[in-house]
Amino acid sequence: MVQEHRSSRRNFLNYILGFGFLGWIISVLYPIIRYIIPPKIPEAKVKSVKVGKVGDFNPGTGTIFKFGNKPGILIRLETGEFRAFSAVCTHLDCTVQYREDMKAIWCACHNGVYDLNGRNISGPPPRPLEAFRVIVRGDEIYVSKEG
Amino acid sequence: MAKFGERLFNWFDERYKIRGFIEFMSHKSVPQHRHSIWYYFGGVSLFLFIIQVVTGILLLLYYRVGEDSSYESVQFIVSKVKFGWLIRSIHSWSANLMILAVFIHMFSVYFTKAYRKPRELTWVTGFLLLILSLTFGFSGYLLPWNELAFFATKVGTEIIGSIPVIGKELLIIVRGGEDVTGATLSRFFGLHVAILPGIFTVILFIHLLFVQIQGMSEPPEWEKLPPEKRKYIPFFPNFLLRDLLLWLIILNILAVLAVFFPWDLGKKADPFAPAPAGIKPEWYFLFMYQTLKLLPPKVLFIEGEFFGVLIFTVAGILWMLVPFWDVKTEKGYRNRLINYIGLFVLIYMITMTILGYALS
Ligand code: FES
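Once a new chain begins, its residue numbering starts again from 1 and follows that chain's sequence as written. Chain labels run from A onward and ligand labels from 1 onward, assigned in the order the entries are written. In keeping with the model being predicted, local features are shown solely for residues with a pLDDT of at least 70 and side-chain atom pairs are shown and tallied solely at 80 or more, while totals for entire chains, interfaces and linings include all residues. Side-chain numbers come from the whole structure's heavy atoms, not from hydrogens or water.

Stated precisely, the cut-off is as follows: UniProt positions are given in the numbering used here, feature names are shortened, and annotations may be inferred rather than shown by experiment.
As recorded in an unreviewed UniProt entry, chain B goes by Cytochrome b6 and comes from Candidatus Kryptonium thompsonii. Heading Subcellular location (unreviewed entry) of the UniProt record for chain B holds this comment: "Membrane".

An unreviewed UniProt entry lists chain A under the name Cytochrome b6-f complex iron-sulfur subunit, from Candidatus Kryptonium thompsonii. Turning to chain A, the UniProt annotation filed under Cofactor (unreviewed entry) states: "[2Fe-2S] cluster".

## Some remarks on the overall build of chain B
Going by this rule: Secondary structure is summarised from DSSP: a helix means a run of H or I of at least four residues, a strand means a run of E of at least two, and numbering begins at the N terminus for each. Only protein chains enter the accessibility calculation, which uses a 1.4 Å probe. A residue is then buried if its area is under 20% of the maximum for its type, exposed if over 50%, and partly exposed in between. Methods summary: accessible areas were calculated by the Shrake-Rupley approach with a probe of 1.4 Å, and residue burial reflects only the protein chains presented. Positive charges are assigned to Lys and Arg, negative charges to Asp and Glu, while His and the chain termini are left out of the count. By convention, the charge on Lys lies at NZ, on Arg at CZ, on Asp at CG and on Glu at CD.
Counting secondary structure elements, chain B contains 14 helices and 4 strands. The principal-axis extent of the C-alpha atoms belonging to chain B is close to 70 × 60 × 40 Å. Classification of the 360 residues of chain B by burial places 43% in the buried group. For chain B, the exposed area adds up to about 20,000 Å²; of that, 72% sits on carbon and sulfur atoms. Distance from the positive charge centre (33 side chains) to the negative charge centre (25 side chains) of chain B: 8 Å.

## Remarks on the domain arrangement of chain A
Put simply, the test is: All the domain ranges listed were derived from an automatic or database domain assignment.
Each assigned domain of chain A is listed here: domain 1 (1-39) and domain 2 (48-145). Between the C-alpha centres of domain 1 of chain A and domain 2 of chain A there is a distance of 56 Å.

## Focus on the confidence of the model for chain B
Formally: pLDDT expresses how confident the predictor is about each individual residue, on a scale running from 0 to 100.
Residues with a pLDDT of 70 or more make up 98% of chain B, whose mean pLDDT is 90. The ipTM value of the predicted complex is 0.80, and its pTM value is 0.89.

## Considerations on helix 9 (residues 182-214) of chain B
All names here are of chain B. Cut-off, in case you're wondering: To estimate the expected span of a helix, count its residues, drop one, and scale the result by 1.5 Å. One fitted axis covers the seven residues ending at a residue, a second covers the seven starting there, and the bend at that residue is the angle between these axes. Residues are treated as being in contact if the distance between any of their heavy atoms lies within 4.5 Å.
Its 33 residues give helix 9 an end-to-end C-alpha distance of 46 Å, which sits within 8% of 48 Å, the value for a rise of 1.5 Å per residue. The sharpest bend along helix 9 comes to roughly 40°, located at Leu191. Every buried residue belonging to helix 9 is among Gly182, Thr184, Leu185, Phe188, Phe189, His192, Leu196, Phe200, Ile203, Leu204 and His207, and all of these are buried. Looking at the buried side of helix 9, the elements it contacts are helix 3 (40-60), helix 4 (70-79), helix 5 (84-111), helix 6 (120-142), helix 7 (147-158) and helix 8 (167-175).

## Brief notes about the state of the cysteines
Residue and element names in this part refer to chain A. This is how it is decided: A pair of sulfur atoms, both from cysteines and within 2.5 Å, is called a disulfide here.
Inspection of the entire model under this criterion finds 1 disulfide over all chains. At a sulfur-sulfur separation of 1.9 Å, the disulfide partner of Cys94 is Cys109. Where Cys94 bonds to Cys109 through sulfur, the torsion about that S-S bond is close to -80°, and the disulfide is left-handed. Linking Cys94 in the loop between strand 4 (82-86) and strand 5 (97-99) with Cys109 in the loop between strand 6 (104-107) and strand 7 (112-114), this pair joins segments that are 15 residues apart in sequence. Residue classification places Cys94 among the buried positions, given a relative accessible area of 1%.

## Examining the pairing of strand 3 (residues 70-76) of chain A
Residues and elements named next belong to chain A. Let me state the cut-off plainly: Two strands pair under a simple rule: DSSP has to find at least two bridges between them.
Judged by how many residues are buried, strand 3 sits mostly within the fold: 6 of 7 residues are covered. The pairing of strand 2 (residues 61-67) with strand 3 spans 7 bridges and is classified as antiparallel. Across the sheet, the residue bridging to Phe65 is Gly72, located in strand 3. Remark: 2 residues form the turn of the hairpin made by strand 2 and strand 3, two consecutive strands paired antiparallel; Gly68 in that turn has positive phi of roughly 65°.

## Quick notes on the UniProt feature "transmembrane region" (unreviewed entry) in chain A
What UniProt calls "transmembrane region" (unreviewed entry) maps, in this numbering, to residues 12-33 of chain A. Secondary structure across residues 12-33 of chain A divides into 100% helix and 0% strand, with the first and last C-alpha atoms of the span separated by 31 Å.

## Focus: the interface of chain B and chain A
Where we set the bar: Summed over both partners, the accessible area (1.4 Å probe) lost when two parts come together is defined as the buried area. Each reported salt bridge corresponds to a side-chain nitrogen of Lys or Arg within 4 Å of a carboxyl oxygen of Asp or Glu. Side-chain atoms alone can form a polar contact between residues adjacent in sequence; in general such a contact is a pair of N or O atoms within 3.5 Å, and within protein one must be able to donate a hydrogen while the other accepts it.
Contacts between the two partners involve 25 residues from chain B, matched on the other side by 22 residues from chain A. Interface area, chain B with chain A, both sides summed: about 2,000 Å², of which 64% is carbon and sulfur. If you look at where chain B meets chain A, you find 3 salt bridges. Lys154(B) is the salt-bridge partner of Asp93(A), the closest N and O atoms lying 3.8 Å from each other. Counting across the chain B and chain A interface gives 8 residue pairs in polar contact (both at pLDDT 80 or more). Of all the elements in the fold, those that place two or more residues in the side of chain B that touches chain A are helix 7, helix 8 and helix 11 (283-294) of chain B.

## What to know about the UniProt feature "domain: Cytochrome b/b6 N-terminal region profile" (unreviewed entry) in chain B
The UniProt record annotates "domain: Cytochrome b/b6 N-terminal region profile" (unreviewed entry) at residues 8-220 of chain B. Between the C-alpha atoms that bound residues 8-220 of chain B the distance is 44 Å, and the span itself is 73% helix and 2% strand.

## Some thoughts on the environment of Trp85(B)
All names here are of chain B. Looking at the secondary structure, you find Trp85 in helix 5. Judged by its relative accessible area of 33%, Trp85 is partly exposed. Between the C-alpha atom of Trp85 and that of Ile131, which follows or precedes it by 46 residues, the distance is 28 Å. Setting aside chain neighbours within four positions, we find Trp85 in contact with Ile77, Val78, Ala258 and Val259.

Given below as structure tokens:
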């Protein structure tokens, strides 16, 4: 009887110690883990940016511009028409470029190709590029996010 | 003079009992057979690691981490600081040679089955050191903040994002934000110069301690040889001297490489420039990179990248645990399967690496 009593008391103590230790570990790890997750910096949602003047862009060229903190690409087709897309490759985040020789948007990282409507036509990219709206006001070009 | 030496020795021995240690070292011996050449690659890896530590500390004297200073400070090191180009070049070359030596060391241990009981944990710690070395390489690659490294890091870390559920959060932790920015640079810097060296040193110490306690492994064929047929050479001074000679040769190779093929710094990273052609990770990641490239976007409902990551993780874990599943076959011979698996892995890695170079 006494023996049993003792061992159950010992078990009880072990539990208490075990839980205490666990609690201790958590109270050490929790702040550290929260610390290494960077805080969200509220960034002003960019809706539209001014990219430049119509005359700055020659037909048949592509230019990278800043859209918030991500790159966008403005393409002036041979016809003179403007198109804009996000320049972030939908595959693994590289920045795409306009290839005059291919008449297409090309990503150097894994040879991904998009047509001039931003559709992924070859290589690994899984989705089309996000399209932006181009507004020409006078001779100024504005690019804005659709919707 | 001799008296003084003796007194010094006695002084230490009285306090730290070093006589036993000297005794132990003087009896230590290394098996001598036709595969003994492989014994040296562990030592070579160690030597190159020491070079990394020394040159790394030297680089730290001038390197300043930051989006506006990393590239500039490395440029300063290689153009203004006397012998700066040499130190940096050696650091880069030695990093690459170290990874190579570690791989050779690993495969030679694998094929000679030196990981068998009782050396299971030496193998496991060795594998951890390999993973840490690769992480060293990956984090160090970004530090000069040049174009190539910037996009390689973008791609390399983006793969983490393909892990379901926790991927996004993990990606933010690794990058220090959603994108590869100065925050990523700071994180990689901390990892490269503080966290990794700390963990690496501890595991390396354990690894070497295991080797010292158990001595060098003997090849399986020796089990059948009568004891008088087994040849040994003393560790001290014979093996150690050969080791030192080899280290000297390696140092010379390093110097030649560093002087005649100085490491290029390239163009500064610009987050608003298109990725340049020829983006490739370092050669030791190329086989994984090439595999990911060949995978279709979707494998059985799983995203291609994640599928690749999954395969490599599982394969890595199995590889690490090989001492525990390599069992004797009924006839008592060592499992042949192990050799075939090893050969397959080796050939796969080499083919994919060559493909990675050829296809770009
Ligand atoms: S990141 Fe663009 S093709 Fe892979």
